[in-house]
Amino acid sequence: MSRPSRARIDLAALRHNYLAARRLHGGRAVAVLKANAYGHGAVVCARALESISDAFGVAFVAEAQELCEAGIRTPILVLEGAFTPTELERAHQLGLWLVVHHEEQLRMIERAPTNCTRLNVWLKIDSGMRRAGVPLAQAKNFHARLLTTGRVASITLMSHLARADEPRAEATRMQIEEFDAATAGLPGPRSLANSAAILAWPSASRDWARPGIVLYSVDPTGESQLDWRAVMTLISEVFAERLLAPGEAMGYGGSFVAEQATRVGLVALGYGDGYPARASTGTPVAVDDRRTRVIGRVSMDMLAVDLSELPEAGVGSRVELWGANVRVAEVAAHAGLLTYEILCNVKRVPFDYIEAANSATETGDRRART
Ligand SMILES: *Cc1c(COP(=O)(O)O)cnc(C)c1O
């Protein structure tokens with residue numbers, strides 16, 4: 001039998017979460033599929049969302065091109081915009097929507113070949129993130145210069161919120177106000193809300209939302225009452241059992257020492273598969289749908305779970321590292337990592353794409369499936 005570790009991706013849950021996020025925000029929504037759809041497989045996720053999504057968001061032109069080559073016809077917004085004039089031309093050929101967030105990108109458009117005439121630009125204004133983005137005071141100037149190029153078919157005004165996951169942060173209220181003031185009087189649709197703002201900041205609702213992490217069922221505010229359905233379930237099985245006597249140490253560094261007789265299940269999944277090495281003793285895990293804990297240090301190919309309280313469980317028991325029973329956010333909290341980082345890191349395990357919890361399983365490579 002082959003190694004029983006897999007990532008199961010529920011595409012019906014992905015669609016459910018997209019529709020719930022868009023409904024909550026109102027208007028239209030860019031489904032953010034950057035970084036290979038936060039580790040879930042961009043092409044398959046795009047196909048699953050294609051018939052309902054208003055647009056897709058990726059980080060750079062090559063990510064968009066991958067979707068175009070797979071036959072995706074939904075508009076694609078490139079969140080970092082073009083890096084070179086060649087990329088700008090390719091983006092124009094592919095009909096991509098491009099973020100412009102610094103002077104050099106504007107200059108590229110000004111100097112673009114004369115046949116580049118139908119660019120859809122999202123002008124990103126820095127309302128407080130202080131990372132990429134056009135300074136507030138230059139928003140109107142950039143807007144005017146874009147129009148002057150004669151190469152622009154539409155301009156959407158956008159900004160990114162730095163602290164929207166803190167439902168009471170004054171900084172977010174300030175960012176919204178500053179954005180509104182800097183863009184007052186300019187025509188065109190607007191977009192402010194990432195996942196956290198969709199959940200916590202109704203005052204950030206504009207024409208377009210840009211949900212990312214919430215599509216994959218993570219609520220970055222930790223306060224949402226909505227039913228965000230688990231999209232990725234990382235699963236394996238117990239392949240062997242061990243009994244530790246009181247005082248015995250287990251694993252690298254002997255970091256786990258049994259206080260009492262402890263029944264241990266070995267699971268064929270480790271940090272080589274993207275399970276965080278820092279999620280050591282105490283991190284929740286579900287065995288046959290019952291919660292228990294990881295014990296000892298996570299190894300590259302293997303980790304151990306505590307079966308002492310689960311007498312029915314043993315070799316062959318199903319292990320869920322995260323999914324419906326254990327939230328990715330809980331694992332992230334134990335590991336001191338971002339949920340984003342954990343999801344992006346899943347690798348080596350085969351990906352199974354399913355339409356609903358009980359439907360037939362379809363197996364495939366998450367990049368190459370066509
Ligand atoms: C990644 C990204 C998003 C999505 O953010 P989430 O926190 O995952 O919802 C939205 N807007 C921009 C500009 C981004 O880069």
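About the criteria used
Residues numbered from 1 in each chain as written. Predicted model: local features only at pLDDT ≥ 70, side-chain atom pairs only at ≥ 80, totals over all residues. Heavy atoms only, no water. Near = heavy atom within 4 Å. Polar contact = N/O pair within 3.5 Å; in protein donor to acceptor, adjacent residues only side chain to side chain. Areas by Shrake-Rupley, 256 points an atom, 1.4 Å probe, with all protein chains shown as cover. Helix = DSSP H or I, 4+ residues; strand = E, 2+ residues; numbered from the N terminus. Contact = heavy atoms within 4.5 Å. Domains from an automatic or database assignment. Buried < 20%, exposed > 50% of the residue type's maximum accessible area, 1.4 Å probe, protein only. Phe/Tyr/Trp six-rings, centres within 6.5 Å; stacked < 30°, edge-to-face > 60°. Lys NZ or Arg CZ within 6 Å of the ring centre and 35° of its normal.

A. Inspection of the site of the ligand at higher detail. As a structural note, the neighbourhood of the ligand is formed by 13 residues, with Lys34, Tyr38, Ser195, Ile213 and Tyr340 the closest of them. Within the side chain of Lys34, a nitrogen or oxygen atom sits 2.7 Å from an oxygen atom of the ligand. Within the side chain of Ser195, one N or O atom sits 2.5 Å away from an oxygen atom of the ligand. Protein contacts shield 92% of the accessible area of the ligand, which totals 390 Å² for the unbound molecule.

B. Structural context of the environment of Leu307. Checked against the element boundaries, Leu307 lands in the loop between β17 (303-306) and β18 (318-322). On a C-alpha basis, the gap between Leu307 and Leu79 in space is 46 Å, while along the polypeptide they are 228 residues apart. The contact partners of Leu307, leaving out residues within four places of it in the chain, are Glu241, Arg263, Val264, Gly265, Val287, Ala313 and Gly314.

C. Focus on the domain arrangement of the protein. Considered domain by domain, the protein is made up of domain 1 (12-216) and domain 2 (232-337). Just the C-alpha atoms count here: the centres of domain 1 and domain 2 sit 40 Å apart.

D. Fine view of unusual backbone geometry. Even without being glycine, Asn36 reaches a positive phi, approximately 55 degrees. Positionally, Asn36 belongs in helix α2 (residues 34-38). Look at Asn36 and you get buried, because its relative accessible area is 10%.

E. Focus on the packing of aromatic side chains. Summed over all chains, the structure comprises seven aromatic pairs. On the numbers, 5.6 Å between centres and 85 degrees between planes, the contact of Trp97 with Trp208 is edge-to-face. Placement of Trp97 in strand β5 (residues 97-100) and of Trp208 in strand β10 (residues 208-209) is noted, with a sequence separation of 111 residues between them. Pair check on accessibility: Trp97 and Trp208 agree, each one buried. Summarising the aromatic geometry, the rings of Phe351 and Tyr353 are spaced 6.3 Å apart at their centres and angled 35 degrees between planes, so their arrangement reads as tilted. Look at Tyr353 and you get buried, because its relative accessible area is 1%. Three or more aromatic residues joined by ring pairs make a cluster, and in this case those are Tyr38, Tyr216 and Tyr340. One residue, Arg145, lies across the ring of Phe142, its end atom 5.8 Å from the ring centre.

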